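Observations on the model geometry
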Amino acid sequence: KFSDSDLNLSLLNSARIIQNWVNVTDPNPYTRDMYGDISSGEYRFRLPGDYRSPGVREVAMLINGVYTPISRLEFNQLNTASDRLTASNETQQKYAIGGGYLRLKITPTASVTAGIRIEYAAQVSYGDDDTAIIQLPLELHQCIYLMSAADLSQDLGYANWKDYYTFAKLIYDGWAEGFNTT
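Residues numbered from 1 in each chain as written. Predicted model: local features only at pLDDT ≥ 70, side-chain atom pairs only at ≥ 80, totals over all residues. Heavy atoms only, no water.

A few words on the pairing of strand β7 (residues 101–104). Every second residue of β7 is oriented toward a common face, with Y101 and R103 on one face and L102 and L104 on the other, all of them buried. Pairing geometry for strand β2 (residues 44–46) and β7, over three bridges, is antiparallel. Pairing of F45 across the sheet is with L102, part of β7. Taken together, the four bridges between strand β6 (residues 94–98) and β7 define a ladder with antiparallel strand orientation. By the bridge assignment for β7, G98 is matched with Y101. Remark: two residues form the turn of the hairpin made by β6 and β7, two consecutive strands paired antiparallel; G99 in that turn has positive phi of roughly 60°. (Buried < 20%, exposed > 50% of the residue type's maximum accessible area, 1.4 Å probe, protein only. Helix = DSSP H or I, 4+ residues; strand = E, 2+ residues; numbered from the N terminus. Pairing = 2+ DSSP bridges.)

Below you can see the structure in the form of structure tokens.
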């Protein structure tokens, strides 16, 4: 009834739902680092292609040989050229995320190789083939299949599709309890 591409898409969409649940709960989700070169006069950096929103955990700039975290602004606080010009009175660098870019409040006046580090949560994927392991806790991999079963059962019109979803959520909730203990 379903082609391999239909099944793969359903599994991938299910994995992304589980990833959203994990990123809300887990204080240390699976992340990647991207290093970018700072160029004099350039205030924005394109986010990586596998970046998921929201997903930036930390942005740090290389200052005196050490990556130092900088503060985040809402994008509407850093939306125009005049906002960047007013930054000349500021001493603390800040950043905003919008339109697929990370934008700095203070435009750099010097170039620095690998001068910025962006730690981000990457969108889950199978990679180049179907054998890659999805970057989610192994305890939750069964949730992917249950969510996919719910998705496909609903497409087929089966009345019990919600049972699969409920079971996946129960497994996740049990896993998440480990983060709520004090």
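Take helix α1 (residues 4–25) next. In this model α1 runs 32 Å from its N-terminal to its C-terminal C-alpha over 22 residues, within 8% of the 32 Å that 1.5 Å per residue would give. S10, L11, L12, S14, A15, I18, Q19, W21, V22 and N23 are the residues of α1 that are buried. (Expected span 1.5 Å × (residues − 1).)

With that out of the way, let us pick up the pattern of salt bridges. Taken as a whole and judged by the stated rule, the model has two salt bridges. Taking the shortest distance from any N to any O, the salt bridge between E58 and R117 comes out at 2.6 Å. One end of the pair, E58, is in strand β3 (residues 51–63); the other, R117, is in strand β8 (residues 112–122), with 59 residues separating them in the sequence. Look at E58 and you get partly exposed, because its relative accessible area is 25%. With a shortest N-O distance of 3.0 Å, D173 and K169 are connected by a salt bridge. Highlighted residues: D173 and K169, both in helix α4 (residues 161–180), separated by four residues, approximately one helical turn. (Salt bridge = Lys/Arg side-chain N within 4 Å of Asp/Glu carboxyl O.)

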